Structures are given as C-alpha cells and as structure tokens.
Amino acid sequence: MTAAAVETARLAYLDTAPLKPGDRVRFVSPSGLGSAESLERAVGYYRDWGLDVVVGEHVLDPHPRASYLAGADDARRQDLVDAWLDPDADAVVCIRGGYGAMRLLDGIDWERMRRAATRRDGRPKLLTGSSDITALHEAFRVHLDVPTLFCPMAGNDVFRDSAFVREDVRRWLFEPWRGRDLVGPRTEVLVPGAASGRFTGGNLSLLAGAMGAPESLDRPGGILFLEDVDEDTYRLDGFLVQLARSGRLGDAAAVVLGSWHQCGELDAVRALAEELLPGLGVPVLWEQGFGHDPDALSVPLNVDGVLDAPQDGPVRLVVGEDR
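Bear in mind that the values here come from a model prediction, so they are computed numbers and not experimental data.

Chemist: Is there a simple way to think about the pairing of strand β12 (residues 304-309) in this case?
Modeler: Working note: regular strand, side chains alternate between the two faces of the sheet. By the bridge criterion, six bridges tie strand β7 (residues 193-203) to β12 in an arrangement that is antiparallel. Pairing of arginine 198 across the sheet is with aspartate 304, part of β12. In terms of strand pairing, β12 meets strand β13 (residues 316-319) through four bridges, oriented antiparallel. Bridging from a neighbouring strand, aspartate 308 pairs with arginine 316 of β13. Where β12 hands over to β13, the hairpin turn is made up of six residues, of which glycine 313 adopts a positive phi near 120°.

Chemist: I would appreciate a short explanation of the sheet that holds strand β8 (residues 223-229) in the present structure.
Modeler: Hydrogen bonds between backbone groups are what pair the strands of a sheet, and the pairing can be parallel or antiparallel. Spatial ordering of the open sheet is given by β6-β10-β9-β8-β7-β12-β13, a layout of seven strands whose pairing is mixed. Bordering the open sheet on either side are β6 (188-191) and β13, each of which pairs with just one other strand. Along the sheet, successive strands turn relative to each other by an average axial angle of 30°, direction set aside.

Chemist: What is the right way to read the environment of valine 146 from this model?
Modeler: Along the chain, valine 146 falls in the loop between α5 (134-143) and β5 (148-150). Looking at valine 146, the relative accessible area reads 0%, which means it is buried. Valine 146 sits 32 residues away from arginine 114 along the chain, and the two C-alpha atoms are 9.3 Å apart. Beyond its immediate chain neighbours, meaning those up to four positions away, valine 146 contacts Trp84, Ala117, Pro124, Lys125, Phe140 and Asn302.

Chemist: What's the story with the pattern of salt bridges in this structure? I'm lost.
Modeler: Side chains that carry opposite charge are capable of pairing whenever their charged atoms lie near each other. According to the stated counting rule, one finds 34 salt bridges in the structure shown. Residue aspartate 90 is joined to arginine 119 by a salt bridge in which the shortest nitrogen-to-oxygen separation is 3.1 Å. Within this pair, whereas aspartate 90 is found in strand β3 (residues 89-94), its partner arginine 119 is found in the loop between α4 (110-115) and β4 (126-129), the two being separated by 29 residues in sequence. One exposure class covers both aspartate 90 and arginine 119, and it is buried. Of the charged contacts, one joins aspartate 157 and arginine 160 as a salt bridge, the two residues approaching to 3.6 Å between their closest N and O atoms. Here arginine 160 and aspartate 157 lie together in helix α6 (residues 157-161), a separation of three residues that amounts to about one turn. A relative accessible area of 38% places arginine 160 in the partly exposed class. Residues joined by salt bridges that share partners form a network here, namely Lys20, Asp23, Asp90, Arg119, Arg120, Asp121 and Arg123.

Chemist: What exactly am I supposed to notice about unusual backbone geometry here?
Modeler: In terms of backbone geometry, most residues other than glycine have negative phi values and most peptide bonds are trans. Of note in the backbone geometry, aspartate 145 takes a positive phi value of approximately 55° without being a glycine. Tracing the backbone through its elements, the reader meets aspartate 145 in the loop between α5 and β5. For aspartate 145, a relative accessible area of 16% translates into the label buried. Unusually for a residue other than glycine, glutamate 287 sits at a positive phi of about 55°. As for its position among the elements, glutamate 287 is in the loop between β10 (284-286) and β11 (299-301). Classification of glutamate 287 by relative accessible area gives buried; the value is 9%.

Chemist: Which parts of the structure should I look at to understand the packing of aromatic side chains?
Modeler: We describe a pair of aromatic rings using the distance from one ring centre to the other and the angle between the two ring planes. Applying the stated criterion to the full structure yields 14 aromatic pairs. Ring geometry for tyrosine 46 against phenylalanine 159: centres 6.5 Å apart, planes inclined by 25°, an arrangement best described as stacked. In this pair, tyrosine 46 is assigned in helix α2 (residues 36-48) and phenylalanine 159 in helix α6, connecting sequence segments 113 residues apart. The exposure class assigned to phenylalanine 159 is buried, which follows from its relative accessible area of 0%. Aromatic ring contacts, followed pair by pair, group Phe27, Tyr45, Tyr46, Trp49, Phe159 and Phe174 into a single cluster. A cation over an aromatic ring shows up here: lysine 125 above the ring of tryptophan 84, its NZ or CZ 5.9 Å from the ring centre.

Chemist: Is there a simple way to think about the sheet that holds strand β2 (residues 52-55) in this case?
Modeler: One open sheet holds the six strands; their spatial order is β2-β1-β3-β4-β5-β11, and the pairing between them is mixed. Two strands bound the open sheet, and with one partner strand each, they are β2 and β11. Strand-to-strand twist in this sheet, taken as the mean axis angle between neighbours without regard to direction, amounts to 25°. Inspection of the sheet shows strand β1 (residues 24-28) paired to β2 by four bridges, in the parallel sense. The partner of valine 25 across the bridge, within β2, is valine 53. Sitting on the sheet, helix α3 (residues 73-85) touches β1, β3 and β4, and the angle it makes with β1 is about 170°. Relative to β5, α5 is tilted by about 155°, and along the sheet it contacts β3, β4, β5 and β11.

Rules of the game
Along every chain, residues carry numbers that run from 1 in the direction the sequence is written. A pLDDT threshold of at least 70 governs which residues receive local features in this predicted model, and a stricter bar of 80 or more applies before side-chain atom pairs are shown or counted, although totals over entire chains, interfaces and linings include all residues. Values shown for side chains rest on all heavy atoms present in the structure; no hydrogens or waters enter the calculation. The pairing criterion for strands is at least two bridges between them, as found by DSSP. Secondary structure elements follow DSSP: runs of H or I of four or more residues count as helices, runs of E of two or more count as strands, with numbering from the N terminus. For helices, the fitted axis covers only the stretch in contact; all axes are lines through C-alpha atoms, and the angles between them, taken along N-to-C directions, range from 0 to 180 degrees. For every residue, the accessible area obtained with a 1.4 Å probe (protein chains only) is divided by the maximum for its type, and the residue is called buried under 20%, exposed over 50%, and partly exposed between those limits. The contact criterion used throughout is that any non-hydrogen atoms of two residues lie within 4.5 Å. Take a side-chain nitrogen of Lys or Arg and a carboxyl oxygen of Asp or Glu: if they are within 4 Å of each other, that pair is a salt bridge. Only centres within 6.5 Å qualify two rings of Phe, Tyr or Trp (six-membered ring in Trp) as a pair; their planes then separate them into stacked at under 30 degrees, edge-to-face at over 60, and tilted for everything else. When the NZ atom of lysine or the CZ atom of arginine is within 6 Å of a ring's centre and also within 35 degrees of its normal, the charge is said to sit over that ring.

Shown next as structure tokens:
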C-alpha cells in the first residue's frame with residue numbers, strides 16, 4: 001500500500017463500523033488450547049450477531065508435547081495465515097489467549113500478508129484478541145499498519161460470564177469508533193496532563209518479552225496502554241524497567257494502565273507505578289479498565305486518539321480525535 005493508502009487504512013473504522021451482519025469472520029487460536037464446548041459457545045455468540053463464522057482447521061488440535069499450546073506451531077501459524085489470506089474474510093478473531101502467539105511470528109511472510117490486508121470493500125481486515133495476542137497486535141502494527149482491536153475473547157470464561165463484555169465487544173465490531181470514550185469506572189489520574197497520538201501496547205509481559213525482536217525496534221510514541229494478569233509485583237517491576245531501558249516508555253506521550261487482575265495486592269502495584277512512571281513527565285492513568293478485568297473494556301490499537309487528564313475534573317480518553 002502507498003503511504004496515503006496506509007493512512008486511510010488506519011482511519012477506516014473511525015466513521016464506518018468494522019462489521020455488519022453477513023460478514024465473514026475467521027476464528028483462530030494462535031496461543032493456548034480451548035475446549036470443544038468453549039469453541040461452540042464462541043461460535044454461537046458471533047453467529048447470533050449475524051456473522052458468517054469459519055473455524056480454523058487446527059483450533060482444537062493438541063500440541064504433540066505442550067498442553068499449553070493449541071497444536072503445533074506450523075498448524076497454528078497456517079490457520080492464522082489462511083484466515084488473513086481468505087479474500088472473503090472481513091475479520092480474524094482470536095478466540096483465546098494463553099501463550100504461543102510469539103512463536104508464530106518469524107515464520108510468517110509479512111509481505112504476502114500485507115498484499116492480502118484489504119477486504120472486498122477496500123477497507124483493511126480486522127484482527128481482534130487480547131492478552132497473548134499482544135504479540136500479533138504489535139506485529140500487525142509494524143508489518144501491516146492496520147487498525148486492530150484489543151478485546152476480550154469469545155472462547156474465554158469472561159465472555160460467558162459478563163454481559164457487559166459481550167455488549168462492549170459487539171459495539172466495537174458493529175459501530176464506528178470515532179468519539180468513543182475509553183474511561184472506565186475506576187479510572188484515576190496518577191500524573192495529570194494532556195496528550196495525543198497513536199494507541200499502542202497491550203499486555204506488559206508480552207511487550208517486555210519481545211524486547212530485541214524486530215517489532216520492538218519500531219517505537220511509535222503516542223499513548224501506551226499496559227495491563228497484566230497473574231504476575232507478582234517484582235516481575236511487573238522488571239517488565240517496566242525493561243520497557244524503560246529499551247526506550248518504549250520514554251517515547252510515550254502518555255501511559256494508560258489498565259487492570260492488574262490477580263497480580264497480588266493492588267496497592268503494591270499502584271505504589272510501583274507511582275515510583276517508576278511520574279519521572280517520565282507524561283500523563284499517567286491508573287485502572288482504566290482494559291485487560292483481564294472481569295468487565296474488561298476493549299481498546300482499539302494503531303489508531304489515534306487524545307487524552308485529557310486534569311488533576312481535578314473529568315478525564316477524557318477519546319478515539320479519533322487529535323489536538
């Protein structure tokens with residue numbers, strides 16, 4: 001794509017909904033293995049929304065060695081690539097996280113994927129998923145430069161248990177993104193200020209684990225979103241220091257901290273953030289709500305937006321606006 005076409009692709013979902021009933025979505029599992037029951041449930045949600053669901057061939061394959069992976073790397077990679085290359089596909093939906101997406105990246109022909117990034121209507125295909133899918137969000141940003149959606153996944157229990165999550169994901173898929181406010185009910189301002197720029201980031205441990213990989217060398221600045229799950233405070237400390245030493249934190253115009261589900265005492269995580277982040281000299285939000293929260297918010301990535309975080313007064317974190 002030309003530079004103008006790339007910019008148009010990033011803006012594609014600001015004023016038009018990503019999906020409509022009848023569109024084709026391809027289900028893949030690039031990371032962990034789910035169950036037949038959770039897959040059936042996930043398919044049901046999306047078909048109830050009027051979508052044409054096609055399930056990857058290897059979604060329920062066991063890995064020959066590792067029970068934490070949904071099939072061999074080549075099989076998971078083939079499902080992902082086949083889904084993206086499908087000329088009739090409108091979105092590629094990752095149905096669960098876990099671990100394993102990073103193992104797929106080096107074997108992907110990104111130029112071929114880039115040539116197949118455009119849908120029948122001329123807009124880019126959409127990738128969705130969260131948690132371990134951070135590895136794919138980063139790779140799709142760097143290699144394809146398309147907008148993606150960091151959202152709860154239909155094969156996980158949170159999608160079953162939270163009507164809020166299901167409705168929020170549905171709205172992101174079936175409504176335009178411009179003007180959507182991403183401030184959650186527990187959001188607080190750790191460092192006041194204002195910023196604008198590209199939304200990037202995701203799971204903190206995945207971003208730290210990618211340091212030194214080709215994708216990590218592209219540091220876009222903008223508004224950096226971070227969250228994690230099941231990590232001790234000392235590990236979060238190490239991950240943040242890795243991002244700081246690599247320059248990823250220093251390049252950010254603002255930092256938005258999401259949920260820290262099952263990461264020990266939340267006060268300890270907050271104290272860590274208050275120790276390490278104010279020195280950046282940029283606005284910082286606490287507990288914005290995306291990530292692994294039982295009612296997690298969705299966040300679009302590789303799109304622009306604006307943050308207004310006054311010390312006193314309402315916080316605004318809005319998609320599709322600039323300063």
